[in-house]
Structures are given as C-alpha cells and as structure tokens.
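Residues per chain, in single letters:
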Amino acid sequence: MKVLILGSGGREHALAWAIARSPRVSAVVCAPGNGGIAQIARCIPVDLKNLDDMVRLVTAEAPGLTIVGPELPLSLGIVDALQSRGLRVFGPTQAAARLESSKAFAKQFMKRHQIPTAKYSVCAHASELEEAIALFHPPIVVKADGLAAGKGVILCESRNIALEAAHGLFNGSLLGESSQQVVIEEFLEGDEISFICLSDGTHIAPLLPAQDHKRIGEYDTGLNTGGMGAYSTDTMLEPQMTEWIMRHIAEPTIRGMAEEGTPFIGVLYCGLMMTPRGPEVLEYNARFGDPETQVILPRLESDLLDVLEACIDGRLDQTPLRWSPGASACVVASSAGYPASYKTGFPLTGLGNAAQVPSVQIFHSGTARVGSQLVTSGGRVLCAAAQGDSLREALSRAYQSLAEIQFEGIYFRRDIGYRALKAKP
Ligand code: AMP
Ligand code: GLY
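In this report, the structure presented in the accompanying data block is examined. (Residues numbered from 1 in each chain as written. Chains lettered and ligands numbered in written order. Predicted model: local features only at pLDDT ≥ 70, side-chain atom pairs only at ≥ 80, totals over all residues. Heavy atoms only, no water.)

**A word on the overall build of the protein chain**
Filter applied, for reference: Secondary structure follows DSSP: runs of H or I at least 4 residues long count as helices, runs of E at least 2 residues long count as strands, and numbering of each begins at the N terminus. Within these notes, the globule rule equals 2.2 Å times the number of residues to the 0.38 power, and the radius of gyration is based on C-alpha atoms. Partly exposed residues are those whose accessible area sits between 20% and 50% of the maximum for their type, while under 20% is buried and over 50% is exposed, using a 1.4 Å probe and protein chains only. Two residues form a contact once any of their heavy atoms are found within 4.5 Å.
Counting secondary structure elements, the protein chain contains 14 helices and 22 strands. Against the compact-globule benchmark of 22 Å for 425 residues, the protein chain has a radius of gyration of 21 Å, which places it among compact chains. Its C-alpha atoms give the protein chain principal-axis dimensions of roughly 60 × 45 × 45 Å. For the protein chain, the proportion of its 425 residues judged to be buried stands at 57%. Long-range contacts, defined here as pairs at least 24 residues apart, represent 68% of the contacts in the protein chain between residues at least 6 apart.

What follows is the structure, given as structure tokens:
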C-alpha cells in the first residue's frame, strides 16, 4: 500500500519511519515533509493551510491511506473532504476535531459529561470579562478559543493582568487575530502527563504515557516552545492510575462524542495535570503529540498501519498494541534565538555518526535539502530519540548521539527527564 502523510515536523518523520517498517507498505509519500523525511519518503510541496490544495494533492496521489499529522488540516475538515471523495484517511472529522480547535467547546463538553477539568467561564464578549474574572482567584489562566499554535494560553498573576490579556485576545493585539470567545480558567498545579489514545469511535487503546518539556530553558524556565524534549517510561503511571484515567477521562470522552453524534476516530490526546485532587484535563488535542510521538512510536512493536486501519474500520478491540519494555527519550536541538527570532540556512554535519549510536533515531523538524547539503530551516531543527532499559540509558544514548551533530548556534536542553530521574534515580 502507498501511504501519504500530511505534515512537516518531527512527529511526521516518526510517523513516516514507523509506517515504512510495515511489510504491507510499498511507498511513503509526505506532504510537504522536510529534509530528513525526504530520506525515507517522497516529499511533495503542499500548503497545509489550504484545504483545496491538500485535496487536489491527495486525489492526484490516490494513496491507500492518508494520515493527518497536524491540527490545522483537521480543523479545516480535511478528513471530511477526503472521505466524501471515497479516500481512506486516518483522523477525526472537523466536528470531532473541535475537541482541540475550540477550547470553549471542549470545556462545555467536559462539563456535560462530568469529565474532571479546571473550573472555567466562557466569555463571548469583552463586556463579560470583568464579572467573569472576579470569580477566580489569581493566578488565572486566560485562553483563546481557537487554534493558536501554543500561543493562546496566558498564565496571569493578577485579575488586572488577566483582564488585560483577555481584552488583548478579543481585540487581536495578542495573537494578531481577534478571538470570538475567551476562556477564563482556574490555575491547576501538578505534573503534566500526555495521555494519548487511539480510538475507533467506540473502543480505546492508550499509547504509552509521555511527558514533554515545553520551556526553552533548563528546569522549565523561559519561554514556551513547541517542545524541547520528551520521555516515556514503564513506571510513569501506576496501572491503577491508568485505569482511573481511562474510566473517568478517556472513556467518557469517546462515549460522549459518540452520543452527541460526532464520533471521534483518530488520536485523542488528553493533556492532563496530575493535581492533588487527581488527574484533570488541561486540554485535548485531536492528533499525535510532538515531540511525544518521537518517544512513543519507536517503542511500538505492533504494525502501525494495522493499528491505524483498525481504528478506521472500528475493530481496535481486536488489535492489541504491543510495546517494547523499558524507556525512551528524545532531545530536541534548536536554532539559536528560538522561540523568538532565529536564522536558518546553516549546514548540518555529523548526522552519520549520530545515527551510529545504538537504539537511536534522528527525527528532523526544521531541515531542508539544498542541492546535496542538508541545512537548518526552522526553529526546532531535529531531535535525537533513543530507547533503553532505563530512562538513564535512553537519555545517555540521545545525548551521545546529539554530541555528534553540529550546526551554527545549536542549542539543546541538558536536563530532559529530570523530574523522573529525581523521583527515581
Ligand atoms: P494548552 O494549549 O491548553 O495545552 O495549554 C498549554 C499549556 O498551558 C499547558 O500544557 C499547561 O502547561 C498550561 N496550562 C493550560 N491550562 C492550565 C491551567 N488551567 N492551569 C495551569 N496551567 C495550564
Ligand atoms: N507536545 C505538545 C503538543 O503536541 O501539543
């Protein structure tokens, strides 16, 4: 089968790598892809913001399966558009993807189905803000309703700051685009866990739990980024905790979506805060996490194509997932200046040696091929992902591999996994 993957990041590189391992896959196409993905898949340019462009490309390629990586095409309705043309596609419909594309929808949905989440208020107009914010104690979280590429959440130390931020979302001064609705939310404290599941609309299969590192600086300081590293271990969640999250969060979500006539088929990513009251949902995503996918998929022993097709065909319950034991980690290397402004076009070297380290994969996010040379083309450039018997072993392999790679201004955090190592050295 020919499989087409939409997207261009490290997540899509990991998806392409895992799909290419399936004996049933004859060719992998990625649109638009990147310099690293081009080594294992044919890459074709496409505008991920343009539904018609994507539909034209997939129709012309006529793959046996299309996998949608990022949230934007899902929110534009790529799955509905391809399905209506008789094309097979893995991902939620536009209506189901609202769990990610509208935070107001997600909060109201959780309330309807008694799914634990922070207390909140949805404001549809700036005139409602003052009264709403008065009901919360600082720190207060202010969120744009729609997709904002990680920039739509503002943690506010006082009611005044919250009011100013919420006005900024409504009038467009914060995100460049004005929000139609703003969510005011209680601040939650605890460890964050990415609890990512597959669903066929009825059945649910949790993937391995993971934790990502969103801040640019060591020990979680500085600006938020797309993710500077992640890890996953067998001991991150006790079996009883996994069961609790399934019963109180994942299952009611999938059941609720089916009951409301918008069954969710695809990847349900529950971003959880492990609060003293128990796990609560911070956000849903309707897709694989980045960089969580780079630590999860290398530990998947089952055939990814079989698993994704089982979701589409409603037989996930007959397709158990098998995992390799131990731990995995990935460390992201970024361009100097990221997540603020940065330069690109610097040549990369040492990739051959980096790939020689055992149980390591190099997944690219911001690289491009210029002639025969691989150069940087984004803020997050690539990650070294590694597996091991322990988290320590996985991290040591990832760092050993990354030490071989050079490009001007290379930066990476040296503390990935520190919380887990502190808890269990
Ligand atoms: P979101 O885009 O909703 O995932 O939020 C991005 C990040 O903001 C989360 O991963 C959390 O670190 C933080 N965040 C979101 N909501 C809250 C909350 N209610 N309390 C504390 N932190 C939050
Ligand atoms: N790692 C966070 C995300 O994929 O949204």
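**Digging into the site of ligand 1**
Cut-off, in case you're wondering: The near set for a molecule or strand comprises every residue that places at least one heavy atom within 4 Å of it. Throughout this description, a polar contact denotes any pair of N or O atoms lying within 3.5 Å of each other; where both atoms belong to protein, one of them has to be capable of donating a hydrogen while the other can accept it, and for residues adjacent in sequence the pair is counted only when both atoms sit in side chains. Each accessible area is a Shrake-Rupley result for a 1.4 Å probe, and residues are judged covered by the shown protein chains and nothing else. Each residue gets one of three labels, nonpolar for Ala, Val, Leu, Ile, Met, Phe, Trp, Tyr, Cys and Pro, charged for Asp, Glu, Lys and Arg, and polar for the others, Gly among them.
Residues in contact with ligand 1 amount to 13 residues; listed here are only the nearest, E185, L188, E192, K214 and E283. One nitrogen or oxygen atom from the side chain of K103 is found 3.2 Å from an oxygen atom belonging to ligand 1. E283 has a polar side-chain atom sitting 2.6 Å from an oxygen atom of ligand 1. Surface burial for ligand 1 is 89%, taken as the share of its 470 Å² of free accessible area covered by protein chains. Only β7 (140-144), β9 (182-186) and β17 (278-285) provide two or more residues apiece to the shell around ligand 1. For the shell around ligand 1, the class distribution of residues is six nonpolar, no polar and seven charged.

**Structural notes on the sheet that holds β7**
For sheets, the rule is that strands pair by backbone hydrogen bonds, running either parallel or antiparallel. For clarity, the threshold we go by: By this definition, two strands are paired if DSSP reports at least two bridges between them. Inter-axis angles, ranging from 0 to 180 degrees, are taken between N-to-C directions of lines fitted to C-alpha atoms, where helices are fitted over the stretch in contact.
Taken together, four strands build an open sheet; the order of strands is β6-β9-β7-β8 and the sheet is antiparallel. Two strands lie at the open edges of the sheet, namely β6 (120-123) and β8 (153-156), each paired on one side alone. Put simply, the sheet's adjacent strands are angled 20 degrees from each other on average, direction ignored. In the sheet, β7 pairs with β9 via five bridges, with the strands oriented antiparallel. Bridged to I140 within β9 is E186. Together, β6, β7, β8 and β9 form the strand contacts of helix α6 (residues 103-112), whose direction differs from that of β6 by roughly 135 degrees. Docked against the sheet, helix α8 (residues 159-171) engages β6, β7, β8 and β9, running at close to 0 degrees with respect to β7.

**Quick word on the packing of aromatic side chains**
The following threshold applies: Ring pairs are drawn from Phe, Tyr and Trp, using the six-membered ring of Trp, whenever the two centres fall within 6.5 Å, and their geometry is named by plane angle: stacked under 30 degrees, edge-to-face over 60, tilted for the rest.
Under the defined criterion, the tally for this structure stands at five aromatic pairs. Relative to Y418, the ring of Y219 has its centre 4.8 Å away and its plane inclined at 75 degrees; by these criteria the two rings are edge-to-face. With Y219 in the loop between β13 (215-217) and β14 (221-224) and Y418 in helix α14 (residues 418-423), this pair connects stretches of sequence that are 199 residues apart. The buried category is assigned to Y418, whose relative accessible area is 14%. With a centroid separation of 6.1 Å and 40 degrees between ring planes, the pair formed by Y399 and F412 is classed as tilted. With Y399 in helix α13 (residues 391-402) and F412 in the loop between α13 and α14, this pair connects stretches of sequence that are 13 residues apart.

**Describing unusual backbone geometry**
Of the consecutive residues P138 and P139, the connecting peptide bond is found in the cis state with omega at -5 degrees. Mapped onto the secondary structure, P139 falls in the loop between α7 (129-134) and β7. Residues other than glycine seldom take positive phi values, yet S359 does so here, at roughly 55 degrees. Tracing the backbone shows S359 in the loop between α12 (351-356) and β19 (360-364). What makes S359 partly exposed here is its relative accessible area of 35%.

**Focus: the pattern of salt bridges**
To keep things clear, this is the line we draw: One side-chain nitrogen of Lys or Arg within 4 Å of one carboxyl oxygen of Asp or Glu is enough to make a salt bridge.
Enumeration over the complete set of coordinates arrives at 27 salt bridges. For R24, the salt bridge is made with D306, and the minimal N-O distance between the two is 2.7 Å. One end of the pair, R24, is in the loop between α1 (10-20) and β2 (27-32); the other, D306, is in helix α11 (residues 304-312), with 282 residues separating them in the sequence. Between E185 and K143 there is a salt bridge; the shortest N-O distance is 3.2 Å. Separated by 42 residues along the polypeptide, E185 in strand β9 and K143 in strand β7 bring together distant segments of the chain. With relative accessibility at 2%, the residue E185 sits in the buried group. Salt bridges sharing common partners tie together R24, R88, D306, E309, D313 and R315.

**Description of the environment of T253**
Relative to the elements of secondary structure, T253 occurs in helix α9 (residues 239-259). The sequence separation of T253 and A420 amounts to 167 residues, and the corresponding C-alpha distance is 28 Å. If we skip the residues at most four places from it in the chain, T253 touches L99, F109, I115, L268 and Y284.

**Points about the site of ligand 2**
Close contacts around ligand 2 come from D212, Y269, N285, R287, G289, D290, P291 and E292, and that covers them all. Between D290 and ligand 2, the recorded distance is 3.0 Å, taken from a backbone N or O atom to a nitrogen atom. Relative to its unbound accessible area of 200 Å², ligand 2 is 89% covered by the protein chains. Taken together, the residues that form the shell around ligand 2 break down as two nonpolar, two polar and four charged.

**Overview of the nonpolar core**
Under the convention used in this document: Nonpolar cores were defined as sets of buried Ala, Val, Leu, Ile, Met, Phe, Trp, Tyr and Cys residues, with membership established by side-chain atoms within 4.5 Å.
Formed by 75 residues in total, the largest nonpolar core has its most connected members in L6, F195, Y284, L382 and I405. The next biggest cluster of nonpolar side chains, apart from the first, holds 42 residues, and it includes V25, C30, F363 and C383.

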